[in-house]
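# Inside the fold
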Amino acid sequence: MADLKTTLLHNLHLSLGAKMVPFAGYDMPVQYALDVMKEHQHTREKAGLFDVSHMGQVVVRGDSYTQAAEALERLIPVDILSLSEGRQRYGFFTNEAGGIEDDLMLANRGDHVFVVVNAACKEADIGHMKSALEPAVKVEEITGRALLALQGPASEAVLAALDPRAAEMRFMDVATLDLNGVEAWVSRSGYTGEDGYEISVPSEAAEDIAKALLAHEDVEPIGLGARDSLRLEAGLCLYGHDIDTTTTPVEGALTWAIQKVRRTGGVREGGFPGAETILKQLDTGAPRKRVGLKPEGRAPMREGVELFATENADVPIGQITSGGFGPTAGHPVAMGYLATAHSQIGTTVYGELRGKRLPLTVATLPFTPANFKR
């Protein structure tokens, strides 16, 4: 435990009675006094505050936004150039085989691109951008800021009490707000399927801002346990589990994130690592697909469970990558990969659990409807 990093809010977590666990090289809260189930439900019903300061915050800056965006498009198969100022978009780095090196969020901040990457991939991602883009474009990790996520239907009222402009933001808007005299970089987005915000604040103000948000009667601190069940119900991928270097965006059912201008026949077709594989799969399909899965009964099926076409089949046709109980859905939920021929909604497959073959149904994602403010 001694070699684990800590976030700027580590002492606050301890004072709130958090149970801490290692995650992505950091000592992070997995739950607080409410317990995971109640934290999940509280976020769905009111608002939860998450510490996500372990994630990487990066500024990519050229002579103009256009230069920075064009440079990043050589690494990311997303339309960054046409992204409007004050807007954010989901994307991913790909490798030469078409696999996903990491998924990320990127925003047009006027004169630069602001990128948020996963904690476990942070060093590799920044190194990748620096080696590919510098010196023409500068890549700078922002280390003097914490990152908070305020999620749930009460989030707007909570944040708007500190700056009324928060209420004017739409899903995937980004803006600079004034939170108790502190400059905050805010996006209306998150990782729960609920309305909410991700809030970057200077390190010296991080604990004060967190306490100000927690002081609201509708806000509770939420740990990694509920964060995982919330994102699973929302059908959102966890990098290193549901997507990784061996899965393409097409296999990962992330084709919605690749705009027409980057596809075959688009004005900026290809030009990113793995384009040949990814564009071919976009046009003709992939051999497997990420799907939602609903186990029958009350027993969850978790990561690693092999999936079969029939109770007696010898060869697996897929595997679960994330699974657990969905508190809001009211039943076990899972995601995984299936051979495309078996991936249609309503198909029954079988999971190997403790020596028995138990049925699952291919289900529509998300398991819980999204509650974003469009």
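In short, a report on the structure. Per chain, residues are indexed from 1 in the order of the written sequence. Confidence filtering applies because this is a predicted model: local features only for residues at pLDDT of at least 70, side-chain atom pairs given and counted only at 80 or more, and all residues used for totals across whole chains, interfaces and linings. Heavy atoms throughout the structure, all of them, feed into the side-chain values; hydrogens and water do not.

### Comments concerning the nonpolar core
To define a nonpolar core, start from buried Ala, Val, Leu, Ile, Met, Phe, Trp, Tyr and Cys residues and group those joined through side-chain atoms within 4.5 Å. Classification of residues uses two cut-offs on accessible area relative to the type maximum, computed with a 1.4 Å probe and protein chains only: under 20% is buried, over 50% is exposed, and between them is partly exposed. Counting residues in each nonpolar core, the largest one holds 28 residues, and the members touching the most others are Leu150, Leu159, Ile199 and Leu213. For helices the rule is a DSSP run of H or I covering at least 4 residues; for strands it is a run of E covering at least 2, with both sets numbered from the N terminus onward. Elements supplying a minimum of two residues to this core: strand E3 (47–51), strand E9 (145–151), helix H5 (155–160), strand E10 (174–179), strand E11 (182–187), strand E12 (196–202) and helix H6 (206–214). For this core, the element with the highest residue contribution is H6, accounting for 5 residues. We call two residues in contact when some of their heavy atoms are within 4.5 Å. Setting aside residues up to four positions removed in sequence, Leu213 forms contacts with Leu49, Leu148, Leu150, Val158, Leu159, Leu162, Ile199 and Val219.

### A few points about the sheet that holds strand E6 (residues 100–108)
Here, any two strands with at least 2 DSSP bridges between them count as paired. Spatial strand order, E5-E6-E7-E4-E8: 5 strands in an open sheet with antiparallel pairing. The sheet is open, and its two edges are formed by strand E5 (88–94) and strand E8 (138–141), each paired on a single side. Between one strand axis and the next, the sheet turns through 30° on average, direction left out of account. Sheet analysis places E6 next to strand E7 (residues 113–117), joined by 5 bridges and oriented antiparallel. To get an axis, fit a line to the C-alpha atoms, keeping to the stretch in contact for a helix; angles then go from 0 to 180 degrees between the N-to-C directions.

### Side note on unusual backbone geometry
That bond from Glu134 to Pro135 is cis: its omega, 5°, falls within 30 degrees of zero. Among the structural elements, Pro135 can be located in the loop between helix H4 (122–133) and E8. The omega torsion of the bond from Leu365 to Pro366 falls at 0°, within 30 degrees of zero and hence cis. Along the chain, Pro366 falls in the segment after strand E19 (356–363). In this model, Ala24 sits at a positive phi of 55°, which is unusual for a non-glycine residue. The residue Ala24 is located in the loop between strand E1 (19–23) and strand E2 (26–31) in this model.

### Considerations on the pattern of salt bridges
Whenever Lys or Arg places a side-chain nitrogen within 4 Å of a carboxyl oxygen from Asp or Glu, that contact is recorded as a salt bridge. By the definition in use, this model includes 19 salt bridges. When the shortest N-O distance is used, the salt bridge between Lys130 and Glu134 registers 3.4 Å. Owing to a relative accessible area of 31%, Lys130 belongs among the partly exposed residues under this scheme. Exposure remark for Glu134: the relative accessible area of 29% places this residue in the partly exposed category. A salt bridge links Glu156 to Arg188; the nearest nitrogen and oxygen atoms lie 2.8 Å apart. Placement of the pair is Glu156 in helix H5 and Arg188 in the loop between E11 and E12, with a sequence separation of 32 residues.

### Some details on the packing of aromatic side chains
Within a pair of aromatic rings, the relevant descriptors are the distance that separates the centres and the angle that separates the planes. Between rings of Phe, Tyr and Trp, where Trp is taken as its six-membered ring, a pair exists when centres lie within 6.5 Å; planes separated by under 30 degrees are stacked, by over 60 edge-to-face, and by other angles tilted. Summed over the entire model, instances satisfying the criterion amount to 4 aromatic pairs. Look at Phe171 and Phe372: their rings are 4.0 Å apart centre to centre, the planes differ by 5°, and that puts the pair in the stacked class. In this pair, Phe171 sits in the loop between H5 and E10 while Phe372 sits in the segment after E19, placing the two residues 201 residues apart along the sequence. Taken together, the aromatic side chains of Tyr90, Phe92 and Trp256 make up a single cluster linked through ring pairs. Against the face of Trp185 rests Arg145, its NZ or CZ located 3.7 Å from the ring centre. Charge-over-ring placement is defined geometrically: NZ (Lys) or CZ (Arg) within 6 Å of the ring centre, and within 35 degrees of the ring normal. The ring of Tyr337 carries Arg288 above its face, with NZ or CZ at 4.7 Å from the centroid.

### Points about the pairing of E2
Of all 6 residues making up E2, 5 are buried, and the element is well covered by its neighbours. Here E1 hands over to E2 after 2 residues, with Ala24 in that stretch at a positive phi of 55°.

### Some remarks on the packing of helix H2 (residues 36–45) against helix H7 (residues 224–233)
One can describe the packing of H2 onto H7 by two numbers: an axis separation of 8 Å at closest approach and a directional angle of 55°. Judged on the interaxial angle alone, H7 and H2 are oblique. H7 is crossed by H2, and the crossing has right-handed handedness. Between H2 and H7, the residues in contact are Val36, Glu39, His40, Thr43 and Arg44 and Gly225, Ala226, Ser229, Leu230 and Glu233, respectively. All amino acids are sorted into three groups, where Ala, Val, Leu, Ile, Met, Phe, Trp, Tyr, Cys and Pro are nonpolar, Asp, Glu, Lys and Arg are charged, and the leftover types, Gly among them, are polar. When the residues that make up the contact of H2 with H7 are grouped by side-chain class, the tally is 3 nonpolar, 4 polar and 3 charged. For classification, angles of less than 35 degrees are called roughly parallel, those exceeding 145 degrees roughly antiparallel, those between 65 and 115 degrees roughly perpendicular, and all remaining angles oblique. Throughout, a crossing is termed right-handed when the near helix is turned clockwise from the far one, and left-handed when it is turned anticlockwise from it by less than a right angle.

### Concerning the environment of Thr248
Looking at where Thr248 falls in the secondary structure, it is placed in the loop between H7 and helix H8 (275–284). C-alpha separation for the pair Thr248 and Leu238, spaced 10 residues apart in sequence, amounts to 14 Å. In contact with Thr248, other than residues within four places in its own chain, are Ala97, Gly98, Ile100, Thr277 and Gln281.

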